[in-house]
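Topology and contacts: notes
The lines below spell out each chain.
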Amino acid sequence: MPVPDADVPAQEGPRRPIPTPGTLMVDTRIENRVGEFRGVAGPYWSLRPVCGGIEWEAAPEFVRSATPIERLGAENARCNARSRGDVL
């Protein structure tokens, strides 16, 4: 029986479609944190906090689209942050 080659990547499942930049997504591994999709960084998706801040990377299998109520809450938080001068 042949030994698997360590340099050969494991079989991956079907790839998810990549969201459009700016789409609000939820990272389920970080307390359902809502972030704006920014792009792909290797095997990860880059998300940015809605009210500004440092981007983080999330594995696509733990990211889902934001529900309408999550989008509304995130957009409301962004507007409040802008009114306080926290977001440009």
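Parameters and conventions
Residues numbered from 1 in each chain as written. Predicted model: local features only at pLDDT ≥ 70, side-chain atom pairs only at ≥ 80, totals over all residues. Heavy atoms only, no water. Helix = DSSP H or I, 4+ residues; strand = E, 2+ residues; numbered from the N terminus. Contact = heavy atoms within 4.5 Å. Areas by Shrake-Rupley, 256 points an atom, 1.4 Å probe, with all protein chains shown as cover. Buried < 20%, exposed > 50% of the residue type's maximum accessible area, 1.4 Å probe, protein only. Lys, Arg positive; Asp, Glu negative; His and termini not counted. Salt bridge = Lys/Arg side-chain N within 4 Å of Asp/Glu carboxyl O. Polar contact = N/O pair within 3.5 Å; in protein donor to acceptor, adjacent residues only side chain to side chain. Pairing = 2+ DSSP bridges.

1. Thoughts on the overall build of the chain
Counting secondary structure elements, the chain contains 1 helix and 5 strands. For the chain, the succession of helices and strands along the chain, N to C, is β-β-β-β-β-α. Across the chain, the fraction of contacts at a sequence separation of at least 24, relative to all contacts at a separation of at least 6, is 37%. Total accessible area on the chain is roughly 6,500 Å²; 55% of this is exposed by carbon and sulfur atoms.

2. Brief notes about the side chain of D27
Within the secondary structure, D27 is located in strand β1 (residues 24-27). Of the buried charged residues, D27 lacks a salt bridge, with R29 as the closest side chain of opposite charge at 6.2 Å. In terms of polar contacts, D27 uses its side chain to reach the side chain of W56, at 2.8 Å. Dropping the residues within four chain positions of it, D27 is found in contact with N32, R33, L47, W56, A58 and F62.

3. Structural notes on the pairing of β1
A two-sided burial pattern is seen for β1, the buried positions comprising L24 and V26 on one face and M25 and D27 on the other. Note: β1 against strand β2 (residues 33-41), 4 bridges, orientation antiparallel. Note on β2: the bridge partner recorded for M25 is G35. Here β1 pairs with strand β5 (residues 63-65) via 3 bridges, running antiparallel. When the bridges of β5 are listed, M25 appears paired with S65.

4. Regarding the pattern of salt bridges
Oppositely charged side chains may form a pair once their charged atoms are brought near each other. Scanning the model with the defined rule gives 5 salt bridges in all. Between E36 and R78 there is a salt bridge, with its nearest N and O atoms 3.2 Å apart. With E36 in strand β2 and R78 in helix α1 (residues 68-84), this pair connects stretches of sequence that are 42 residues apart. Through salt bridges with shared partners, a single network forms among E36, R38, E55 and R78.

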